[in-house]
Amino acid sequence: MSLDQTMFIPVLAESLQTTSSPTPLQFFGILLGLLGLFFFVGTAVGMIRFPDFYTRMHAAGKGDTLSTMLMLSGFGLVSMEDLSMGSWLLFFKIMGVVLFIFITCPTSSHALMRAAFEDDEMPMTEKDLKKPSAKKK
Amino acid sequence: MGLALFNTFILLLLVVAALLALRVKDLLTASVVFAVYSFLMCLLWAEMGAVDVAFTEATVGAGISTVVLIATIFNLKRKSSD
Amino acid sequence: MKLLSFIPVLVVGVLLLYAAKDFPEWGSLDAPASKSPVSSHFIANTGVDTEVPNMVTAVLADYRGFDTMFETVVVFIAGMAVLAILKNSGRKKLVKREFEVDAEPDLIVTNTVRLLVPVIQIFAFYVLAHGHVSPGGGFQGGVLMGASFILVALSWDLETALIRFPFNWTTILGGLGVFLYAGIGLLSMFLGGEFLDYSELANIFTVSREMARYHAMLGVEIGVGLTVTAIMFSLYANLSTEGRHQRGL
Amino acid sequence: MFEDGTIINELLIERLNYLIYVVLLLIGLHAMIAKKNLIKKLIGMSIFQTAIILFYVSIGVKEGSTIPVYLPEHDLHGSHSVPSDTNETSHFEHGPFIVDSSLVRGYANPLPHVLMLTAIVVGVATLGLALALCLRIYQGYGTIEEDEVLAKIERQEMLSKPSIVVKSVDSSKTTNSKAEKPPSKPKVSSSSPSTKRPQAIPKTKAKAASTSAKAKTSRAKSVSPKAKPAASKSTTTGSKKSPAKSKTAASKPTTKAKPKPKVKSKAKPAVRTKSSSPAKKATASKPKPRTPKK
């Protein structure tokens with residue numbers, strides 16, 4: 001049973017069952033996951049609270065990228081409890097996902113911002129804040 | 001108690017997403033919300049053990065069908081009457 | 001109309017909820033669907049019959065291969081029907097669409113896509129070929145492959161994607177996929193078996209009957225993948241340009 | 001409240017999947033019946049489909065089971081083969097074996113997954129087909145709202161039907177009467193973006209109008225068949241002024257498309273002097289087709 005690389009679901013189930021006494025690596029992974037969740041809450045709050053498309057995309061782009069990366073890294077750390085071959089393989093797969101999220105997520109937010117710019121969406125200025133009508137939009 | 005909490009939560013979110021996709025008047029928003037719905041469905045199926053179905057739904061439902069919907073709305077009008 | 005439509009909806013809802021009362025318990029092992037000899041047979045014998053670890057792929061391409069063949073044909077026909085509906089139907093003089101902006105292909109986006117597309121295509125091949133031992137298969141691999149070309153079309157424009165994947169190829173590749181699928185079935189029929197009974201292929205390839213089924217399944221999945229790739233790209237190219245194949249999304 | 005085993009308990013706690021499947025199916029069904037926009041109807045159709053797929057996947061779930069891929073100890077081939085020096089697998093013969101009934105319970109039911117996997121892909125193919133039909137409807141009628149399309153079809157039918165009966169009325173009356181009541185008729189010819197239709201429609205309209213032309217023949221004498229194009233032009237202009245709601249909606253794409261680039265090219269250089277380089281701005285605001293950059 002030591003070489004079950006491709007069967008990661010039972011590995012995960014076992015690791016979840018043995019969380020009663022997490023190893024230091026797993027503890028660090030859980031910490032990373034919680035930190036990612038914190039940033040994700042920040043993203044959600046920013047998406048709702050910010051008044052303007054560009055600031056909203058600012059919150060979404062940065063917070064989403066960072067929180068997803070943190071959570072996935074934490075997940076990768078939690079899954080390698082015995083440092084076996086299979087868990088290393090899973091860890092590197094998750095790191096590949098993190099790498100692609102690191103590439104694609106800022107690109108997508110850039111594409112969205114650029115589309116808004118081409119569509120003549122104006123960023124909100126201080127003048128707009130004083131007008132009462134601007135708050136609704 | 002058969003159902004996990006995760007399952008219940010996603011099931012409730014599914015109903016919200018479905019209602020929202022049908023209520024918004026902007027068709028682009030509707031198709032994006034429909035992509036969210038598809039992705040929630042995909043998570044639910046992966047949780048139920050149907051990994052192949054989940055994989056297909058993630059590629060098809062959240063990927064291709066959103067692109068195809070948006071490509072069509074690009075040629076149509078964006079506003080919907082209801 | 002809106003109020004009237006609640007009547008059939010409510011009738012259907014009450015009936016379905018009444019039926020839901022009789023469904024088996026959630027996740028019950030004694031549910032009729034789980035107790036049925038068919039699915040138990042699939043679970044028990046897939047490894048012996050085909051040596052494919054992923055039961056879904058085995059059932060999809062082998063046990064229920066006839067079903068899947070016609071699903072592929074349905075996908076192919078849908079693509080051809082879209083082509084037939086939209087060909088030469090669009091406005092000739094290219095009016096500006098409602099939210100169209102004239103912009104150069106973005107530098108950052110195109111370079112990221114240049115980086116991503118090979119990875120996506122390799123992943124598509126991996127999903128297609130590795131579908132026997134992990135989730136995946138012809139449909140998923142084909143959709144991923146088509147999505148990579150759609151990504152090129154979205155980040156540059158449709159003409160660039162059509163240089164990489166000319167539109168005539170979609171018809172040819174779609175037909176070729178169906179032909180490959182049916183051809184493997186017919187080949188096993190000519191070798192003395194039934195239609196889509198891949199184990200007869202062991203007569204011409206020097207492998208065991210189980211491995212013949214294993215590899216024939218791969219061929220069938222490649223056929224499905226070809227058709228799905230072609231039709232997904234053709235759907236996008238047709239729908240985003242109203243069949244003109246120029247100045248798409 | 002939930003302890004006494006009522007139907008609420010059963011539906012909400014133990015069978016929430018089935019309840020949600022019913023709810024989603026009803027949402028999709030209601031959208032397919034009541035929504036007027038065709039794209040909304042299609043989204044409803046997709047929700048209906050996924051609800052049924054949810055139902056199928058739900059009945060295939062077994063409690064405590066794993067995904068339908070063999071565990072390594074049940075499939076001893078390829079990369080899954082366990083080295084024979086471990087004690088655990090020594091009593092298995094090499095190669096896969098028939099999984100007995102106690103182990104069958106450990107795997108989820110693969111049959112619903114297979115059926116639904118193909119259903120999803122066929123679903124997106126049919127969605128594409130339906131969207132193509134939507135595009136075609138939009139080209140023909142200029143709208144994808146169901147009631148407006150129906151109204152247009154009805155009007156066309158109402159106008160074209162009597163023309164079969166009465167064909168021999170002289171054409172001089174027809175052109176005039178058409179010019180006099182623009183609000184009711186000329187919608188299709190002005191709004192439809194298709195190239196063939198504007199030529200086809202006025203002919204039928206002329207025939208149709210001939211039947212109802214009794215009352216309004218005030219200027220009928222002087223008009224010759226030559227005057228047809230002028231009359232039809234007047235109808236098109238009349239249609240734009242007409243206050244009917246559906247008509248303005250229909251003629252929007254053609255009218256709206258023109259002023260936009262002008263406004264944009266004016267607005268852009270004024271506002272964005274700082275944010276982007278002037279060369280890029282010039283290319284962006286120029287209304288030329290996008291060319292591939294190599």
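Residues numbered from 1 in each chain as written. Chains lettered and ligands numbered in written order. Predicted model: local features only at pLDDT ≥ 70, side-chain atom pairs only at ≥ 80, totals over all residues. Heavy atoms only, no water.

A. Structural view of the overall build of chain C. The secondary structure content of chain C amounts to 10 helices and 0 strands. Listed N to C, the secondary structure of chain C is α-α-α-α-α-α-α-α-α-α in terms of helices and strands. Per-residue burial over chain C gives 58% buried out of 249 residues. A sequence separation of at least 24 residues applies to 66% of the contacts in chain C between residues at least 6 apart. Carbon and sulfur atoms make up 71% of the accessible area of chain C, which totals about 10200 Å². (Helix = DSSP H or I, 4+ residues; strand = E, 2+ residues; numbered from the N terminus. Buried < 20%, exposed > 50% of the residue type's maximum accessible area, 1.4 Å probe, protein only. Contact = heavy atoms within 4.5 Å. Areas by Shrake-Rupley, 256 points an atom, 1.4 Å probe, with all protein chains shown as cover.)

B. Main features of the packing of aromatic side chains. Applying the stated criterion across every chain, the model contains 20 aromatic pairs over all chains. Between F23 of chain C and F55 of chain D, the ring centres sit 5.3 Å apart and the planes meet at 35°, which makes this aromatic pair tilted. Residue F23 of chain C is located in the loop between α1 (6-20) and α2 (32-35), and its partner F55 of chain D is located in helix α3 (residues 38-59); the two belong to separate chains. By the ring-pair criterion, three or more aromatic residues cluster together here, those being F23 of chain C together with Y18, Y21, F55 and Y56 of chain D. A cation sits over an aromatic face here: R213 of chain C above Y63 of chain C, 5.8 Å from the ring centre. (Phe/Tyr/Trp six-rings, centres within 6.5 Å; stacked < 30°, edge-to-face > 60°. Lys NZ or Arg CZ within 6 Å of the ring centre and 35° of its normal.)

C. Expanded view of the pattern of salt bridges. Counted under the stated rule, the structure contains 7 salt bridges over all chains. As a salt-bridge pair, R114 of chain A and E118 of chain A come within 3.1 Å of each other at their nearest N and O atoms. Highlighted residues: R114 of chain A and E118 of chain A, both in helix α4 (residues 85-118), separated by 4 residues, approximately one helical turn. On the accessibility criterion, R114 of chain A (17% relative accessible area) is buried. Looking at E118 of chain A, the relative accessible area reads 4%, which means it is buried. For R64 of chain C, the salt bridge is made with D67 of chain C, and the minimal N-O distance between the two is 3.1 Å. Looking at R64 of chain C, the relative accessible area reads 30%, which means it is partly exposed. Judged by relative accessible area, D67 of chain C falls into the partly exposed class, the value being 25%. Among the charged side chains, a network of salt bridges with common partners joins R114 and E118 of chain A together with D106 of chain C. (Salt bridge = Lys/Arg side-chain N within 4 Å of Asp/Glu carboxyl O.)

D. View of the environment of A116 of chain A. Residue and element names in this part refer to chain A. Looking at the secondary structure, you find A116 in helix α4. For A116 and F53, which are 63 residues apart along the polypeptide, the C-alpha to C-alpha distance reads 8.2 Å. Residues in contact with A116, not counting those within four places in the same chain, are F53, Y54 and E121.

E. The environment of A35 of chain B, seen in detail. Residues and elements named next belong to chain B. Within the secondary structure, A35 is located in helix α2 (residues 27-48). On the basis of relative accessibility, which here comes to 14%, the residue A35 falls in the buried class. Not counting chain neighbours up to four residues away, the residues in contact with A35 comprise A62 and T66.

F. Structural context of a nonpolar patch on the surface. Taken together, the side chains of L25, L83, W88 and F92 of chain A make up a nonpolar region of the molecular surface, amounting to roughly 400 Å² of accessible area. With respect to the secondary-structure elements, L83 of chain A resides in the loop between α3 (53-79) and α4. (Patch = residues over 30% accessible without salt bridge, like charges linked within 9 Å, V, L, I, M, F, W, Y side chains within 5 Å.)

Everything listed here is a matter of coordinates, which is why it stays silent on function.
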